[in-house]
Structures are given as structure tokens and as C-alpha cells.
Amino acid sequence: MTTRTISRPLEATMTDPSLGLPTISMAVPMPGFPAHKEFVLVRLNDDGLLYALTSLDNPELRFLVAPPEPFFPEYAPEIDESVFAALNTKDSDRVLLLTIITASKEETTANLLAPIVVDRDSMRAMQTILTGSGYPVRAIMNRTF
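Parameters and conventions
Residues numbered from 1 in each chain as written. Predicted model: local features only at pLDDT ≥ 70, side-chain atom pairs only at ≥ 80, totals over all residues. Heavy atoms only, no water. Helix = DSSP H or I, 4+ residues; strand = E, 2+ residues; numbered from the N terminus. Buried < 20%, exposed > 50% of the residue type's maximum accessible area, 1.4 Å probe, protein only. Contact = heavy atoms within 4.5 Å. Phe/Tyr/Trp six-rings, centres within 6.5 Å; stacked < 30°, edge-to-face > 60°. Core = buried A, V, L, I, M, F, W, Y, C linked by side-chain atoms within 4.5 Å. Salt bridge = Lys/Arg side-chain N within 4 Å of Asp/Glu carboxyl O.

## Some details on the environment of Pro-22
At step 1: Relative to the assigned elements, Pro-22 resides in the loop between α1 (10-14) and β2 (23-26).
At step 2: Taking relative accessible area as the criterion, Pro-22 reaches 13% and is therefore assigned buried.
At step 3: Distance from Pro-22 to Leu-41, taken between C-alpha atoms, is 5.7 Å for residues 19 residues apart in sequence.
At step 4: Contact partners of Pro-22, with chain neighbours within four places excluded, come to Phe-39, Val-40, Leu-41 and Met-123.

In C-alpha cells, the structure reads:
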């Protein structure tokens, strides 16, 4: 199994115009949601830190997502080559990572173990599990800037 480490500077995520309201097609459906393959990425704040990944088939199905860089600057997961093959991309610099956020009154956490990998050119995506990475499912979020 071969992997590539993905680490993207904050500026590349924050200034990318493709993060407006792009439609994202899931190359592989998200676990537990096999019927939902088309999503729209809706910006939730002016900082571009929070988005709602919303199903086009059922707008009530949405996931709170964020790029990990502002909260976890050291996050540089190794993505398996099979993910790049499923997305039909070879350029790891054209990949955007999104983490699924869980917010509660007590704390807000990010799932660093299973990021959503998005090819910025084709807007195809898939969620992947970073087996053996040691990344947590519930990492407490702290903005670092």
C-alpha cells in the first residue's frame, strides 16, 4: 500500500475561489449514506472556516465541515493511493481536505481519522479512513491564529 502525505498551507484553503458554492460529487458514497452522491458546499461564515456539506437530494442532510489547517496546523495525513485513483487525480496539490465537525455545548470536535478528500479540479470527493494513523475521531478544536 502506498500513501501520500497531504499538508496544505492555510492560504491555499482560505483564498481558493472554488470554495464558494461548488457541487461535490462523491466518487464513493459516504458510509451510511449510499443514496446521497451529490452535495453542495455552503459557506457558513465570512472567515471561510465553516461549511455545510448539504445533500442535493435531501437538503435536511448536511454535515458541518471545516478545513483542518486553522485548527490543526500540524495535520498532514497520509492518504492512500487508492483514494487518488478513485478520484481520478494524480496531483496531491490539487486536493482539499475537509473534516467533519461535531458541535455540542461542552466542546466542538473534528474527525481527523476520516477526512473528506476533494479533488479541486473535478470536484469529486470521498471520505477515507486513515487506518493505523493514530488520528482521533474526536479531536478538540482550537483555532490557532
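Next comes the rest of the description.
## Considering the packing of aromatic side chains
At step 1: Under the criterion given, the structure shown has 3 aromatic pairs.
At step 2: Between Tyr-75 and Tyr-135 the ring centres are 4.7 Å apart and the planes differ by 70°, which places this aromatic pair in the edge-to-face class. Of this pair, Tyr-75 sits in the loop between β5 (62-66) and β6 (78-80) while Tyr-135 sits in the loop between β9 (124-127) and β10 (139-140), and the two are 60 residues apart along the sequence.
At step 3: For Tyr-75, a relative accessible area of 5% translates into the label buried.
At step 4: Cluster of aromatic residues (ring-pair linked, three or more members): Phe-33, Phe-39 and Phe-63.

## Focus: unusual backbone geometry
At step 1: Unlike most non-glycine residues, Asn-88 shows phi in positive territory, near 60°.
At step 2: Note that Asn-88 resides in the loop between α2 (81-87) and β7 (95-103).
At step 3: A residue is classified by how much of its surface remains accessible, and Asn-88, at 69% relative accessible area, is exposed.
At step 4: Positive phi, close to 60°, is recorded for Met-123, a residue that is not glycine.
At step 5: Residue placement: Met-123 occurs in the loop between β8 (108-119) and β9.
At step 6: Judged by its relative accessible area of 13%, Met-123 falls in the buried class.

## Structural notes on the nonpolar core
At step 1: Residues Phe-72, Ile-79 and Val-117 are the most contacted members of the largest nonpolar core, which totals 19 residues.
At step 2: For this core, the secondary-structure elements that each account for two or more residues are α2, β7 and β8.
At step 3: Excluding anything up to four places from it in sequence, Phe-72 contacts Ala-110, Leu-112, Ala-139, Ile-140 and Met-141.
At step 4: Residues Met-30, Leu-53, Leu-61 and Ile-116 belong to the second largest nonpolar core, which totals 17 residues.

## Overview of the pattern of salt bridges
At step 1: Throughout the structure, instances matching the rule amount to 1 salt bridge.
At step 2: Between Arg-94 and Asp-121 there is a salt bridge, with the nearest N and O atoms lying 3.1 Å from each other. Of this pair, Arg-94 sits in the loop between α2 and β7 while Asp-121 sits in the loop between β8 and β9, and the two are 27 residues apart along the sequence.

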